Amino acid sequence: MKNLLTILLIGIASLAFGQTNGKWSVGVGYTPSIQSGSTFGVYINRHFGEKWQVGLMPFGWFYGYENPSFTSLKSNSFGLNLSARYSPVQLKLFKPYLYSFAGYGYSTFKYSNPNYSINDLTTDYINLSLGIGTEIAISKGWSLDANLGYLRLAFFDNAGYGNSPVFSIGVLKRFGKTKD
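These lines cover the structure that appears in this document, whether it is placed above or below. (Residues numbered from 1 in each chain as written. Predicted model: local features only at pLDDT ≥ 70, side-chain atom pairs only at ≥ 80, totals over all residues. Heavy atoms only, no water.)

### So, the overall build of the protein
Condition: Every helix listed is a DSSP run of H or I at least four residues long, and every strand listed is a run of E at least two residues long, numbered separately from the N terminus. Only protein chains enter the accessibility calculation, which uses a 1.4 Å probe; a residue is then buried when its area is under 20% of its type maximum, exposed when over 50%, and partly exposed in between. The contact rule is simple, with two residues in contact once any of their heavy atoms fall within 4.5 Å. Surface accessibility in these figures is a Shrake-Rupley result with a 1.4 Å probe; residues are shielded only by whichever protein chains are displayed.
The secondary structure content of the protein amounts to 1 helix and 8 strands. Reading the protein from its N end, one meets helices and strands in the order α-β-β-β-β-β-β-β-β. The burial tally for the protein puts 36% of its 180 residues in the buried class. For the protein, restricting intrachain contacts to residue pairs at least 6 apart in sequence, the fraction spanning at least 24 positions comes to 53%. Per element, the accessible surface of the protein, about 10800 Å² overall, is 66% carbon and sulfur.

Laid out in structure tokens, this is it:
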């Protein structure tokens, strides 16, 4: 996992050219999970002026627990979200925004417990999130990204759902030339 994150950061750093107000941005983000585990996302965005952007957000969630004498659990989830942001105000050091994303995910759970007969589970789900955030300018084209929102998951297999607040932090690089 550390190797994957390192490769992503090096890839993004190699894009350190262009203008602050470019048409495209890429980034990586980290979301600590309320129910344990960690989520990592990659952002690929297309900007339509300074107020609107849409993008793709592939993500992965990873969790592991082990009690050698009794039980262990390894689980992960992978998926793809479509995202949108609207920034009503453009300030020099930060850019507040409203965001939403929706997408599809697939999770696997591997249990090792003498009390359970089911050892492997899989499930599909859709998710939806709404929230607020801000980009904080670091240097030309680079910014920190932080947001807070509400996440809802709806699982296909048993018609169940989950709700939770969600917080993410990441780094974005904006590049590409705009028509001036």
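### A short note on the pairing of strand E2 (residues 38-48)
Which entries qualify depends on this criterion: Paired strands, in this sense, are two strands between which DSSP finds at least two bridges.
Bridge count between strand E1 (residues 24-32) and E2: 9 bridges; the pairing is antiparallel. Each bridged residue has a counterpart across the sheet, and for Tyr30 the counterpart in E2 is Phe40. Direction of pairing for E2 relative to strand E3 (residues 52-67): antiparallel, over a ladder of 9 bridges. Within E3, the position partnered with Arg46 by the bridge is Val54. In textbook terms, the turn of a hairpin is the stretch between consecutive antiparallel strands, and for E2 and E3 this stretch comprises 3 residues, one of which, Gly49, has a positive phi near 80 degrees.

### Regarding the pattern of salt bridges
Threshold: Each reported salt bridge corresponds to a side-chain nitrogen of Lys or Arg within 4 Å of a carboxyl oxygen of Asp or Glu.
Following the criterion strictly, the structure yields 3 salt bridges and no others. A salt bridge links Arg174 to Glu50; its shortest N-O distance comes to 3.1 Å. Pair noted here: Arg174 is in strand E8 (residues 161-175) and Glu50 is in the loop between E2 and E3, with a separation of 124 residues, a long-range link. Judged by relative accessible area, Glu50 falls into the partly exposed class, the value being 29%. Asp145 is the salt-bridge partner of Arg85, the closest N and O atoms lying 2.9 Å from each other. Here Asp145 lies in strand E7 (residues 142-155) and Arg85 lies in strand E4 (residues 71-86), a separation of 60 residues in the sequence. Of the two residues, Arg85 and Asp145, both sit in the buried class. Connected through shared salt-bridge partners, Arg85, Glu135 and Asp145 make up one network.

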